[in-house]
Structures are given as C-alpha cells and as structure tokens.
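Residues per chain, in single letters:
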Amino acid sequence: MGNEQLQSIHVHPVKAFRGLALPEAVVEPWGLAGDRRWVLIDDGGKVVTQRQQPRLALAVAELLPGGGLRLSAPGMDPLDVPVPRPAGTVPVDIFGDKVEGVAAEGTAAHAWCSAYLGAAVRLVHMDDPATRRPVDPDYALPGETVSFADGFPLLLTTAASLDSLNSLIAQGDHAAEGPLPMNRFRPNLVVSGTDAWAEDDWSRIAVGEVTFRVAKMCGRCVVTTTDQATAERGKEPLRTLGLHRRFDGKLVFGQNLVPQTTGTVRVGDPVRILG
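About the thresholds
- Residues numbered from 1 in each chain as written.
- Predicted model: local features only at pLDDT ≥ 70, side-chain atom pairs only at ≥ 80, totals over all residues.
- Heavy atoms only, no water.
- Pairing = 2+ DSSP bridges.
- Helix = DSSP H or I, 4+ residues; strand = E, 2+ residues; numbered from the N terminus.
- Axes fitted to C-alpha atoms, helices over the stretch in contact; angles between N-to-C directions.
- Contact = heavy atoms within 4.5 Å.
- Core = buried A, V, L, I, M, F, W, Y, C linked by side-chain atoms within 4.5 Å.
- Buried < 20%, exposed > 50% of the residue type's maximum accessible area, 1.4 Å probe, protein only.

Let us look at the sheet that holds strand E9 (residues 76-81). Neighbouring strands of a sheet are bound in pairs by backbone hydrogen bonds; such pairs are parallel or else antiparallel. Read from one edge to the other, the open sheet built from three strands follows the order E7-E8-E9, with strand pairing classed as antiparallel. Sheet topology places strand E7 (60-63) and E9 at the edges, where each strand pairs with a single neighbour. Strand after strand, the sheet turns through a mean of 20° between neighbouring axes, direction not considered. Sheet topology places strand E8 (residues 69-73) next to E9; four bridges connect them, and they run antiparallel. Opposite arginine 70, over in E9, you have aspartate 80 as the bridge partner. Here helix H1 (residues 108-117) sits on the sheet and contacts E8 and E9; the angle it forms with E9, its principal contact strand, is near 150°.

So, in structure tokens, the structure goes:
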C-alpha cells in the first residue's frame, strides 16, 4: 500500500509472561533486546508456557537495568531478580531443542514462580544467546541463533490481518468471543498500513534502519485462545484460522523474522517491503 509503518513494539522478558509495549527497542541478532531471555522449566527441564499454565498471562516481568527482572503477579509480592553470575548451566528442553541456561541465583525466584503457579518450576536465564541455540536449520542461515522464543528471533503481525480475522470470527459460531486483541498472538512487531494478509508474500523487509529476512509463516497453538487479561480460554481464533488460514497443516497468523542487520526500531518507523 505504500504507507506501511511500525505500529507497536512488544517484548516478553520471561517467555509466556505478559508482554510489554515499548516505544523503541534494540534489534540484536537473536531478537529484540530483553525479549525471552528468561524462561520457566519444570523438574524435567521442559519449558513451561501458557500452553500448560494459562495463568502466566497475568504475570508481569519488567526489565531492570542490566537485564534483571521485577516480577509481579496477582496475590504475590513483587520480587527483583538479578541476572545470575556465570556459573554452571542447567539443561532446558524447548520443544525438543536442547539448550543450556543459567538458573536464577538462590531460591527466591524459583519459590516465587512455583508458589504463583502451584507447581514446581525454576527460572532460567539465557546467558549467551550468540551461541546457545541455533535457529531451525531448515529455515536458517549459518550462525543464526535465537533466544527462548518459540523458534525465531522475532514475530511480526499486521493490523489489517487482525481486522480481517476478526471479521471472519464475527461471522462464525463463536462470534461472541471477538473481536480479539493483538496480544493473543504475542508479536514483537505490529505493522499498520498494509492490505490484509500482505505479509504472506514478503521475503525481506526493512523497519526503519534494520533489515529482516522473513523466514516462515507462524503456526499458532492453544495460547492464542487464552485471554491475556483473564487467563480464560475459548475456541477462537483457532476455529476460524482452521477454516480460513490452514497452510501445510498449520494454522497460520503472522511471520517469523530473522534480523539481517542490527540497530534500533521505533514506533512510527516506515516499513519497506524489499522482496
């Protein structure tokens, strides 16, 4: 359309916690600075997300200077968690990827998160995202890495596609669940000024001074059915995506990005389609 621009920027300091809207963010090779550098794991080392624990939607992790966190959640006193000092690592199983991380120091953070969820979990930090976890080699170039995000450094969505999806939801059996807000999809970058589903055809884009490769469409899971304000689950958008946005067996909304350069992106930046 020619008027594409960056409408909003979101980071999720702890994977599966509530997202934070920012006016600008630094793009690092593995994602936005501060995004998904922390994760919860269970006793077996597997990542714990809203898939298993929808109440994580109500937990907030604010970024502190230096990369630490201030945790807050309903019924819990706030807790500051520093970045752990270099130490031995613990194994993290993130959807089959075996990754090493560094557990939060002491017991306070683990106890806080476990008490909130009513389940034993540990809070783990990715100390060196440049080396810890390669991007899926089927979609990566050599040396590309990612944080504790689902699989790729950034997720992009467009406002026009959400409007289109909400129109389809309004025509369906669960119309009362709509319209859905963008936070159901937990993106990093939201672009306005496009046609609906224009992002399906993008292969390279520039946001302000930073260029990105569009790696693959984003297949969606049950987390999108979780109201991020109440932690309650419904049927949408998966029902409607299943009817209208099924590609290669996946229910698709948004595009996964890999940075080709680094720099700072800002709300209002122009978005250029390079290919």
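From this point, the discussion proceeds with the structure in view.
This brings us to the nonpolar core. Residues Val14, Phe17, Leu40, Leu69, Leu71, Val81 and Leu123 are the most contacted members of the largest nonpolar core, which totals 24 residues. If we ignore the near neighbours within four places in the chain, the residues touching valine 81 are Trp38, Gly68, Leu69, Leu71, Ala104, Ala109 and Leu123.

To continue, consider the sheet that holds strand E19 (residues 263-266). Across the sheet, three strands lie side by side as E4-E3-E19; this open sheet has antiparallel pairing. Two strands lie at the open edges of the sheet, namely strand E4 (31-32) and E19, each paired on one side alone. As defined by bridge partners, strand E3 (residues 24-28) adjoins E19 across four bridges and the pair is classed as antiparallel. Residue alanine 25 lies in a different strand from E19, and its bridge partner there is valine 265.

In this section: the environment of glycine 45. Within the secondary structure, glycine 45 is located in the loop between strand E5 (38-41) and strand E6 (47-48). Owing to a relative accessible area of 4%, glycine 45 belongs among the buried residues under this scheme. Sequence separation of glycine 45 and histidine 12 is 33 residues, and the distance between their C-alpha atoms is 20 Å.

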